[in-house]
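Analysis of the macromolecular model
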Amino acid sequence: MARKSLIQREKKRQRLEQKYHLIRRSSKKEISKVTSLSDQWEIHGKLQSPPRNSAPTRLHRRCFSTGRPRANYRDFGLSGHILREMVQACLLPGATRSSW
């Protein structure tokens, strides 16, 4: 189980990303429309003004049940070992255990 402070920090990053999403998108569109380099630098300065944690690249996918940040499957939202336990307990329909 992940520490609760790390999970809360990740939720805070998600809220910040949603808050500043429109500002980032509009300033990126402005940069592509402007031709002069000095105007592009001004708009780029505006793009750097939001907090760093509002950048979408700082977000991590976490396991829905444990909060583990690594080895997540996007389709299920679960980490690998939790997914394996659920498959072995027949809690995921259509998923089968692999054996070789």
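Every chain begins its residue count from 1, and numbering advances along the sequence as written. Residue-level local features of this predicted model are given only where pLDDT is at least 70; pairs of side-chain atoms are given and counted only at 80 or more, and the full residue set underlies all totals for whole chains, interfaces and linings. Only heavy atoms go into the side-chain values, all of them from the structure, while hydrogens and water stay out.

1. Quick word on the domain arrangement of the chain
- Marked domain ranges trace back to an automatic or database domain assignment. As assigned here, the chain comprises domain 1 (1-60) and domain 2 (61-99).
- Inter-centroid distance (C-alpha atoms) of domain 1 to domain 2 is 31 Å.
- At the junction of the two partners, domain 1 supplies seven residues and domain 2 supplies five residues.
- Simply put, the buried area is the total loss of 1.4 Å probe accessible area from both parts when two parts are fitted together. In this assembly, domain 1 packs against domain 2 so that about 480 Å² is buried in total across both faces, 56% of it on carbon and sulfur atoms.
- Each reported salt bridge corresponds to a side-chain nitrogen of Lys or Arg within 4 Å of a carboxyl oxygen of Asp or Glu. Between the two partners, domain 1 and domain 2, sit zero salt bridges.
- Ten residue types, Ala, Val, Leu, Ile, Met, Phe, Trp, Tyr, Cys and Pro, are classed as nonpolar, four, Asp, Glu, Lys and Arg, as charged, and the remainder, Gly among them, as polar. Of the residues assigned to the side of domain 1 that touches domain 2, the class counts are five nonpolar, one polar and one charged. Note on definitions: a residue-residue contact is assigned when non-hydrogen atoms from the two residues lie within 4.5 Å.

2. Digging into the packing of helix α1 (residues 4-33) against helix α2 (residues 37-48)
- Between the N-to-C directions of two axes lies an angle of 0 to 180 degrees, each axis being a line fitted to C-alpha atoms and, for a helix, fitted only over the stretch in contact. Under the DSSP-based scheme used, a helix requires at least four consecutive residues in state H or I and a strand at least two consecutive residues in state E, with every element numbered from the N terminus. Put simply, α1 and α2 touch, their axes get as near as 9 Å, and they point 165° apart. Here α1 is positioned roughly antiparallel relative to α2, judged by the angle of their axes. For the pair α1 and α2, the sense of crossing is left-handed. Residue-level inspection shows R24, S27, K28, E30 and I31 of α1 in contact with α2, the latter providing Q40, I43, H44 and L47. Angle categories: roughly parallel below 35 degrees, roughly antiparallel above 145, roughly perpendicular from 65 to 115, and oblique for all the rest. Helix crossings fall into two classes, left-handed where the near helix is turned counterclockwise from the far one by less than a right angle and right-handed where it is turned clockwise.

3. A few points about the side chain of S27
- Inspection of the secondary structure puts S27 in helix α1.
- By relative accessible area, which is 6% here, S27 ends up buried.
- When residues no more than four places from it in sequence are discounted, the contact partners of S27 are I43 and L47. Think of it in three bands: residues with accessible area under 20% of the maximum for their type are buried, residues over 50% are exposed, and the middle band is partly exposed, with areas taken using a 1.4 Å probe on protein chains only.

4. So, the environment of Q48
- As for its position among the elements, Q48 is in helix α2.
- For Q48, a relative accessible area of 57% translates into the label exposed.
- A sequence separation of 24 residues divides Q48 from R24, and the C-alpha atoms of the two residues are 9.0 Å apart.

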